[in-house]
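Architecture at a glance
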Amino acid sequence: MPATDPLPAERLQITPPHRELLDQVLDKWSLEVLHQLCERPSRFNELRHAIPAVSQKSLSATLRRLERNGIVARHVLSSRPVAVEYRITPLGKTLRNPVDALLDWADQHLSAIEAARRTYDQTT
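None of these values were measured; they are calculated from a predicted model. (Residues numbered from 1 in each chain as written. Predicted model: local features only at pLDDT ≥ 70, side-chain atom pairs only at ≥ 80, totals over all residues. Heavy atoms only, no water.)

Of the regular secondary structure elements, the chain holds six helices and three strands. Sequence-ordered secondary structure for the chain, helices as α and strands as β, is α-α-β-α-α-β-β-α-α. For the chain, the C-alpha atoms occupy an extent of roughly 70 × 40 × 25 Å along the three principal directions. Within the span of the chain, comprising 124 residues, buried residues form 23% of the whole. (Helix = DSSP H or I, 4+ residues; strand = E, 2+ residues; numbered from the N terminus. Buried < 20%, exposed > 50% of the residue type's maximum accessible area, 1.4 Å probe, protein only.)

This part is about the packing of helix α1 (residues 16-25) against helix α4 (residues 56-68). Look at α1 against α4: their axes get within 9 Å of each other, and the N-to-C directions meet at 135°. Our classification of the angle between α1 and α4 gives oblique. Considering how the two elements wind past one another, α1 and α4 form a crossing that is left-handed. Residues Glu20, Gln24 and Val25 of α1 pack against Arg65, Leu66 and Arg68 of α4. Residue classes in the contact of α1 with α4 are distributed as two nonpolar, one polar and three charged. (Axes fitted to C-alpha atoms, helices over the stretch in contact; angles between N-to-C directions. Parallel < 35°, antiparallel > 145°, perpendicular 65-115°, else oblique. Left-handed = near helix turned anticlockwise from the far one by under 90°. Contact = heavy atoms within 4.5 Å. Nonpolar A, V, L, I, M, F, W, Y, C, P; charged D, E, K, R; others polar.)

Here the amide bond leading from Arg80 into Pro81 is cis, since omega sits at -10°, within 30 degrees of zero. Mapping Pro81 onto the fold places it in the loop between β2 (72-77) and β3 (83-88).

On to the nonpolar core. Counting 18 residues, the largest nonpolar core has Leu63, Ile71 and Tyr86 as its most contacted members. Of all the secondary-structure elements, those providing two or more residues to this core are α2 (28-39), α3 (44-50), α4 and β3. Considering each element in turn, this core owes the most residues, four residues, to α2. Not counting residues up to four positions away in its chain, the partners in contact with Ile71 are Val25, Leu34, Leu66, Arg87, Ile88, Thr89, Leu91, Gly92 and Leu95. (Core = buried A, V, L, I, M, F, W, Y, C linked by side-chain atoms within 4.5 Å.)

The next thing to look at is the pattern of salt bridges. In this structure the tally under the stated criterion is four salt bridges. Among the salt bridges present, the one from Glu46 reaches Arg40, with a minimum N-O distance of 3.8 Å. We note a salt bridge from Glu85 to Arg87, for which the minimum N-O separation is 3.0 Å. You can call Glu85 buried: its relative accessible area is 16%. (Salt bridge = Lys/Arg side-chain N within 4 Å of Asp/Glu carboxyl O.)

Moving on to the packing of α2 against α4. In the contact formed by α2 and α4, the axes pass within 10 Å of each other and the chain directions differ by 75°. On the basis of the axis angle, α2 is roughly perpendicular to α4. In this structure, α2 uses Trp29, Ser30, Val33 and Leu34 to contact α4, whose residues at the interface are Ser58, Leu59, Thr62, Leu63, Arg65 and Leu66. Considered class by class, the residues forming the contact of α2 with α4 number six nonpolar, three polar and one charged.

None of the figures reported here should be taken as evidence of function without further support.
Written out as structure tokens, the structure is:
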């Protein structure tokens with residue numbers, strides 16, 4: 001019988017840096033912010049209005065985290081008063097396809113997942 005275990009090089013390796021990065025760019029608010037910024041650059045209050053459930057504190061922390069990871073750029077506009085606009089970076093744009101693939105997978109399998117959850121909840 002052939003071995004079904006993948007070769008060592010083929011095994012998925014999730015290291016602490018991977019986990020940290022994925023936690024920071026795929027969390028609830030980050031996905032919403034990325035969605036908005038992929039459409040167009042936005043000011044802070046535009047993002048707040050586009051994502052009404054996010055608090056000011058959470059949005060601010062999310063933008064700082066995405067900026068730190070090189071996903072979002074903060075651009076100071078030369079206006080009076082001074083304003084800040086957030087833009088998706090070229091690196092951030094590369095997240096679009098993998099995130100879309102995950103969302104497509106979720107759409108395709110959501111009914112099966114919900115059925116599994118119901119079954120689990122009924123037996124526990």
